[in-house]
Number of protein chains: 2
Amino acid sequence: MNDVAREAGVSLKTVSRAVNGVPTLDPALAERVFAAIRTLGYRRNELAATLRSTASTATIGLIIGDMRNSFYSSVAAGTYEIAREHGTHLITASAEEQVELEQELALALCQRRVDGLLIFPAVGDQSYLQPEMDLGTSVVFLDRPGTGVSADSVRLDNVAAAHTLASMVLEEGHRRVGLLLDTLEVLTIRERLDGVRAAFEEAGMTLDDRLISTTAHDPEAATKATVAMLDLDDPPTAFIGKNNRAIIGIVDALVTRGARARVVGFDDFEMSRFLPRPVTLASFDVVELGRRGATRLFDRIAGSAGEPTTERLPFTIVQRGSYR
Amino acid sequence: MNDVAREAGVSLKTVSRAVNGVPTLDPALAERVFAAIRTLGYRRNELAATLRSTASTATIGLIIGDMRNSFYSSVAAGTYEIAREHGTHLITASAEEQVELEQELALALCQRRVDGLLIFPAVGDQSYLQPEMDLGTSVVFLDRPGTGVSADSVRLDNVAAAHTLASMVLEEGHRRVGLLLDTLEVLTIRERLDGVRAAFEEAGMTLDDRLISTTAHDPEAATKATVAMLDLDDPPTAFIGKNNRAIIGIVDALVTRGARARVVGFDDFEMSRFLPRPVTLASFDVVELGRRGATRLFDRIAGSAGEPTTERLPFTIVQRGSYR
DNA sequence: CTGTTAGCGCTTTCAA
DNA sequence: TTGAAAGCGCTAACAG
């Protein structure tokens, strides 16, 4: 910048003003500065610019579970969209649902002075964020609330979606309903179970514990659990899958066994129309989850005050599968 | 940092040394510094640290086409994996295959002083990168080479994969083969066409222009083009799809028409086993593409010299679909 | 092994 | 409207 000032025959500060587009600068001077910049091939150092400045670093961090999972990459797409509108860079990191790793990554991002953090909190304690938040870093939780700190969150309306799916199945006359879930440590899963349970209670029924699997982490595990339920004396006539991968596992089991059963579940996916059995899915707009989270974060970064809020995204019911 | 020094009763530099883990520091002094850090809640500013230092910013940039596309998000996953091993942050940006946007994003990342850039170059000219590379920013191109600059690239062996698929179909006795491609402006597509053409020539045959579609951008367009070919007097008995989305479109057309045809193509995907027709796919390890690109980039950042290299990832042939 | 001084590239005073 | 000086938070260089 000094070289540019010398070349243009102006002071350092005038170069700074030109580069920052300060309107009170004489256009003739500005043009001389830009000419010098071109001849010298000067590149402004954005990092240095934020050092003295009270302005932000124009960078936010996103901590997700797993980049290969389309759920998370869709959220990242929505987040990026909003970040781009704000001229902000997005640093994405993957914590693999481990809270220690999440903490390490979040603190590293804070050391990098990100303006804000969007986090899918892992099972565990997020109180490590409190000092960072006190120091001015904004935080928004996605999909589930953090533990031990109070911050904004944007979530899915799991209870209502689960209630709707379960009511539908019960109204169709099914009485034996198998649930393919994951560990109940995860709030999202508990919410989905709660919604189903509420629908059962409204119908004057109770859930059979033997028809609740909490091990359907992936398609293969879901298949195994489904097969086990089909082998019961009084097997389910309907199944509810906790997400797209559970649905795949259920359908796989049914096809392999040549069994017929009603299948419903959560999350739509691109290939769902090719499922060889008809399925009904409660679908959430996951890209919108990323957009809303980022929008809330930028509100806070811009200084929006007030108590932490919780936003819940609605769902839609879609019919898929039974391709022949 | 000054406050910490005062609190610990040492000099600024000693705090710096403690924070950086300089081994020649008296452990007793270091402990006093850390105690002061804890009581004051001091957070090191990584951005300021890289200002004076000749060291890197420990950040790399990745410019992809579209975050929602699993092809790109898989590459991002592989890139992140390697970046993490190097203690480096990953800033991801999406240029939507537009070269002007790509240039804007790449230059913005250079202003942020990323150590290196991984780019899926859009159709157009990448010579805008030359000044940045001269200034020391490393660049590696993914999936296709950049135009107008010479840099490392990691690519897929499209020609060989296309040749193998086409030879397979011809050996099975098919003589009318429909190609569902995208615009030939994209090198990857041209390579795939070249591989098919070579296989045809080896078999003493030529491609029928009416059986080459260059409009199969998405599943719907692929379906349309497939239907048009099926309506010809002498319709294809086999189809080659340019990627997973083209395959979906082809299968959709066949199922809707109740038509039988051999289907082969590029790229495996999670749901391919549920396709209602048997398909043979040439599958590339896309996560590995991200890993290799990042590995090459870190080699260059570490100072590895030499002429730009081109690496090509191999493919594997997999059988999918025909689920009942 | 520790401290002092200068300076990274830029912005913020505040005076002219 | 422009410029000089000071300083952001840290590290490099060189003494001691």
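Scroll up for the structure.
The following paragraphs examine the structure supplied in this document. Numbering of residues starts from 1 in every chain and runs along the sequence as written. The order in which chains are written sets their letters, starting at A; the order in which ligands are written sets their numbers, starting at 1. Since the coordinates come from a predicted model, pLDDT governs what is reported: local features require at least 70, and pairs of side-chain atoms require 80 or more to be given and counted, while whole-chain, interface and lining totals use all residues. The side-chain quantities take in all heavy atoms of the structure and omit both hydrogens and water.

**What to know about the protein's contact with DNA strand D**
Okay, so step 1: As a matter of local geometry, DNA strand D sits amid 24 residues, with Thr14(A), Arg17(A), Ser16(B), Tyr42(B) and Arg44(B) nearest to it.
Okay, so step 2: Neighbouring residues are identified by heavy atoms, a residue being near a molecule or strand if any of them is within 4 Å of it. Sugar plus phosphate: this is where 64% of the atoms of DNA strand D within 4 Å of the protein reside.
Okay, so step 3: Two N or O atoms form a polar contact when they lie within 3.5 Å of each other; inside protein one atom must be a possible hydrogen donor and the other a possible acceptor, and for residues adjacent in sequence the pair counts only when both atoms belong to side chains. Contacts to DNA strand D include Arg17(A), whose side-chain N or O atom sits 2.6 Å from a base nitrogen.
Okay, so step 4: Asp26(A) places a polar main-chain atom, nitrogen or oxygen, 2.7 Å from a phosphate oxygen of DNA strand D.
Okay, so step 5: Listing elements by their share of the surface near DNA strand D, those giving two or more residues are helix H2 (12-19) and helix H4 (46-52) of chain A together with helix H2 (12-19) and helix H4 (46-52) of chain B. Per the convention used, a helix needs a DSSP run of H or I reaching at least four residues, while a strand needs a run of E reaching at least two, with both numbered from the N terminus.

**A look at the packing of aromatic side chains**
The description of an aromatic ring pair rests on the distance of the ring centres and on the angle between the ring planes.
Residue and element names in this part refer to chain B.
Okay, so step 1: Within 6.5 Å between ring centres, the rings of Phe, Tyr and Trp (the latter by its six-membered ring) count as paired, and their orientation is classed by plane angle as stacked under 30 degrees, edge-to-face over 60, tilted in between. Following the criterion strictly, the structure yields eight aromatic pairs over all chains and no others.
Okay, so step 2: Where Phe 71 meets Phe 120, the ring centres are 5.9 Å apart and the plane angle is 70°; that geometry is what we call edge-to-face. Taken together, the positions of Phe 71 in helix H5 (residues 70-85) and Phe 120 in the loop between strand S3 (116-119) and helix H7 (130-134) put the pair 49 residues apart, joining distant regions of the chain.
Okay, so step 3: Think of it in three bands: residues with accessible area under 20% of the maximum for their type are buried, residues over 50% are exposed, and the middle band is partly exposed, with areas taken using a 1.4 Å probe on protein chains only. We classify Phe 120 as buried; its relative accessible area is 3%.
Okay, so step 4: Where Tyr 72 meets Phe 120, the ring centres are 4.8 Å apart and the plane angle is 85°; that geometry is what we call edge-to-face.

**Section: helix H3 (residues 27-40) of chain A**
Residue and element names in this part refer to chain A.
Okay, so step 1: Every helix has an expected span of 1.5 Å times one less than the residues it contains. The terminal C-alpha atoms of H3, which comprises 14 residues, lie 20 Å apart, in line with the 20 Å expected from a rise of 1.5 Å per residue.
Okay, so step 2: Listed in full, the buried residues belonging to H3 are Ala 30, Val 33, Ala 36 and Ile 37. The buried residues of H3 all sit within an arc of 120° when viewed along its axis, so they share a single face. Those residues of H3 that are exposed and angled more than 90 degrees off the buried face are Pro 27, Ala 28, Arg 38 and Thr 39.
Okay, so step 3: The criterion used for residue contact is that any of the two residues' heavy atoms lie within 4.5 Å. Of the surrounding elements, those touching the buried residues of H3 are helix H1 (2-8) and H2.
Okay, so step 4: The residue sitting at the N-terminus of H3 and contributing the capping side-chain oxygen is Asp 26; that oxygen lies 3.0 Å from the backbone nitrogen of Ala 28.
Okay, so step 5: Following H3 by one or two positions, Gly 41 adopts a phi angle in the positive range, close to 65°. What the arc covers is the set of directions going from the helix axis to the C-beta atoms.

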